[in-house]
Amino acid sequence: MKTEATGWRTQRLVALRLGFDPGNSDDDISEAVGKSKATIYRWFATYREGGLEAVLTRGYKGTKSVNYNEDVQAFLKNGLATSRWNTAVQAQQQLESHFGRRFSYRTVWRWLKKVAGVLRVVRSANASGLVASLGTAPRSREEEPDQSGKV
């Protein structure tokens, strides 16, 4: 355990070490490593079946989307390069109309991040937006009232 770098492997080793001590409950172990009891149970079942190496191997390989292909990737890259949309909703709508399929917002957002998309979003909370909406300029720090109420 001393040679392991911090991270998910160390977390699993700590859980196993705590689990071998009969004084620790499942709640104690899950709280100590920050994982649910179901995850702790799964790690111990994996240990019983395959030993330490099985516990220290991740089984998650990720998911592949059947709808994400080179055409969709090229469409998103082109749209971002030409600033075709400002929001992921606009990208979603154009994807759906172009490909004739339904895409969830969450999926489109993940794909945009995957192609390193940065959307241009105008925020209304910036100073120029406040000036335009209020019709007044914000006060400077020097104009703020002091403790006595004087400016």
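We now turn to the structure provided with this report. (Residues numbered from 1 in each chain as written. Predicted model: local features only at pLDDT ≥ 70, side-chain atom pairs only at ≥ 80, totals over all residues. Heavy atoms only, no water.)

Below, the discussion takes up the packing of helix 1 (residues 8-19) against helix 3 (residues 37-55). Across the interface, helix 1 lies against helix 3 with an axial gap of 11 Å and an inter-helix angle of 105 degrees. Between helix 1 and helix 3, the crossing angle belongs to the class labelled roughly perpendicular. Where helix 1 approaches helix 3, its residues W8, Q11, R12, L13, A15, L16 and G19 are matched on the opposing element by I40, W43, F44, Y47, L52 and V55. (Axes fitted to C-alpha atoms, helices over the stretch in contact; angles between N-to-C directions. Helix = DSSP H or I, 4+ residues; strand = E, 2+ residues; numbered from the N terminus. Parallel < 35°, antiparallel > 145°, perpendicular 65-115°, else oblique. Contact = heavy atoms within 4.5 Å.)

Attention now goes to the pattern of salt bridges. For the structure on display, the rule yields two salt bridges. Between R102 and E96 there is a salt bridge, with its nearest N and O atoms 2.7 Å apart. Overall, R102 belongs to the exposed group, its relative accessible area being 64%. (Salt bridge = Lys/Arg side-chain N within 4 Å of Asp/Glu carboxyl O. Buried < 20%, exposed > 50% of the residue type's maximum accessible area, 1.4 Å probe, protein only.)

Here we take up the packing of aromatic side chains. This structure, assessed with the given rule, holds seven aromatic pairs. Both rings, one in F99 and one in F103, keep their centres 6.5 Å apart while their planes meet at 85 degrees; by these two values the pair is edge-to-face. On the accessibility criterion, F99 (24% relative accessible area) is partly exposed. In this structure F103 comes out as buried when scored by relative accessible area, which is 2%. (Phe/Tyr/Trp six-rings, centres within 6.5 Å; stacked < 30°, edge-to-face > 60°.)

What follows deals with the side chain of Q92. By the secondary structure assignment, Q92 is in helix 5 (residues 88-99). At a separation of 2.7 Å, a polar atom in the side chain of Q92 contacts the main-chain carbonyl oxygen of F103. Once residues within four sequence positions are removed from consideration, Q92 is found in contact with R102, F103, S104, Y105 and V108. (Polar contact = N/O pair within 3.5 Å; in protein donor to acceptor, adjacent residues only side chain to side chain.)

It is worth spelling out the environment of N69 at this point. Tracing the chain through its elements places N69 in the loop between helix 3 and helix 4 (70-81). Polar side-chain contacts of N69 include one of 3.0 Å to the backbone nitrogen of D71.

Looking now at the nonpolar core. In terms of nonpolar packing, the biggest core is built from 14 residues, with L76, W85, L95, W111 and L112 touching the most fellow members. For this core, the secondary structure elements donating two or more residues are helix 4, helix 5 and helix 6 (105-114). Among the elements that make up this core, the one with the highest residue count is helix 4 (four residues). Within the second largest apolar cluster, eight residues are counted, among which are A15, W43, F44 and V55. (Core = buried A, V, L, I, M, F, W, Y, C linked by side-chain atoms within 4.5 Å.)

Moving on to helix 1. An ideal rise of 1.5 Å per residue puts 16 Å on 12 residues; helix 1 measures up with 17 Å between its terminal C-alpha atoms. Turning to helix 1, its buried residues number three or more, namely T10, R12, L13, A15 and L16. The elements touched by buried residues of helix 1 are helix 2 (26-33) and helix 3. (Expected span 1.5 Å × (residues − 1).)

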